[in-house]
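# Structural overview for review
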Amino acid sequence: MDNGRIEELFEGLGPVTIRRLFGGKGIYHRGVIIAIVLQGELMLKADAISAPDFVSAGARQWTYAGKGREVAMPYWTTPDAAFDDPDEMAAWARKAYDAGLRATAQQARQEG
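In this report, the structure presented in the accompanying data block is examined. These numbers come from a predicted model, not from an experiment.

About the thresholds
- Residues numbered from 1 in each chain as written.
- Predicted model: local features only at pLDDT ≥ 70, side-chain atom pairs only at ≥ 80, totals over all residues.
- Heavy atoms only, no water.
- Core = buried A, V, L, I, M, F, W, Y, C linked by side-chain atoms within 4.5 Å.
- Buried < 20%, exposed > 50% of the residue type's maximum accessible area, 1.4 Å probe, protein only.
- Helix = DSSP H or I, 4+ residues; strand = E, 2+ residues; numbered from the N terminus.
- Contact = heavy atoms within 4.5 Å.
- 1 Å grid on protein atoms, 1.4 Å probe; cavity = no way out; pocket = protein on both sides within 12 Å on 5 of 7 lines; lining within 4 Å.
- Points joined across faces, edges and corners; volume = space filled by probe spheres on them.
- Nonpolar A, V, L, I, M, F, W, Y, C, P; charged D, E, K, R; others polar.
- Phe/Tyr/Trp six-rings, centres within 6.5 Å; stacked < 30°, edge-to-face > 60°.
- Lys NZ or Arg CZ within 6 Å of the ring centre and 35° of its normal.
- Pairing = 2+ DSSP bridges.
- Axes fitted to C-alpha atoms, helices over the stretch in contact; angles between N-to-C directions.

### Observations regarding the nonpolar core
Within the largest apolar cluster, 24 residues are counted, with the highest numbers of intra-cluster contacts made by Phe10, Ile27, Ile34, Leu42 and Leu44. Those elements that provide at least two residues to this core are helix 1 (3–9), strand 3 (32–38), strand 4 (41–45), helix 2 (51–56) and helix 3 (86–111). For this core, the element with the most residues is helix 3, which contributes 5 residues. When near neighbours in sequence (up to four residues on either side) are disregarded, Ile34 contacts Phe10, Leu13, Val16, Ile27, Tyr28, His29, Met43, Leu44, Lys45, Ala96 and Tyr97. One finds Leu38, Val71, Met73 and Tyr75 within the second-largest nonpolar core, a separate group that totals 9 residues.

### Quick notes on the layout of surface pockets
In this model, the largest pocket occupies a volume close to 210 Å³. If you go around the largest pocket, you meet 15 residues; those closest to its centre are Ile33, Lys45, Tyr75, Ala103 and Gln107. The set of elements that each furnish at least two residues to the lining of the largest pocket consists of strand 3, strand 6 (69–77) and helix 3. Top element by residues in the lining of the largest pocket is helix 3. It accounts for 4 residues. Counted by class, the lining of the largest pocket contains 10 nonpolar, 4 polar and 1 charged residues.

### Some remarks on the environment of Gly40
Within the fold, Gly40 resides in the loop between strand 3 and strand 4. Along the chain, Gly40 and Asp2 lie 38 residues apart, while their C-alpha atoms are 9.0 Å from each other.

### As for the packing of aromatic side chains
All told, the structure shown has 4 aromatic pairs when counted by the stated rule. Between Phe54 and Trp76 the ring centres are 6.2 Å apart and the planes differ by 35°, which places this aromatic pair in the tilted class. Here Trp76 lies in strand 6 and Phe54 lies in helix 2, a separation of 22 residues in the sequence. Trp76 matches Phe54 in its accessibility class, with the two residues each being buried. Relative to Trp92, the ring of Phe54 lies with its centre 4.7 Å away and its plane at 55°, an arrangement referred to as tilted. You can see Phe54 sitting in helix 2 and its partner Trp92 sitting in helix 3, a full 38 residues away along the chain. Take Phe54 and Trp92: they sit in the same class, and that class is buried. One aromatic cluster is present, formed by Phe54, Trp76 and Trp92 through successive ring pairs. Positioned over the ring face of Tyr28 is Arg19, at 3.9 Å from the centre of the ring. A cation over an aromatic ring shows up here: Lys95 above the ring of Trp92, its NZ or CZ 5.7 Å from the ring centre.

### Details of the sheet that holds strand 5 (residues 61–66)
As summarised here, the arrangement of the 6 strands in space is 1-2-3-4-6-5, forming an open sheet in which the pairing is antiparallel. Both outer strands of the open sheet, strand 1 (17–21) and strand 5, are each paired with one neighbouring strand and no more. With direction set aside, neighbouring strand axes in the sheet form an average angle of 40°. In the packing of helix 3 onto the sheet, the strands contacted are strand 2 (24–29), strand 3 and strand 4, and the crossing angle to strand 4 comes to about 55°.

The structure is reproduced here in C-alpha cells:
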C-alpha cells in the first residue's frame, strides 16, 4: 500500500505520519501509533476496549509464532467496508487513535 493511499484513507482523522516499521510501515497521528501496514495489509491498533468492535466486524488480530506459542499483537485487520466508505474509515481510525492514546497513557503510568 503506497503512502498516498494511506494518507487518503486517514483523511477523516487528520494528517498522518508514515515511518518504516517491522519491515512494513507504522502510521502515526499526532505522534501516536494508530496502524501498521505489514505484508501489504492495513492493521489498526486496538485494545481491550475496542477489540470487541473489531471482532464484531469480522476483523482478524495479528498474531505470530514466538517461542513455542502464538503471540497476539494489538493490531487488527481493517474491516473491508471501511476501504469504500470514508466516514466508516474515519470511525475506525478514531477507535485506533483512542486505543493508541490509552496505550501511551498506560505506558507513562508504568514508567512514572
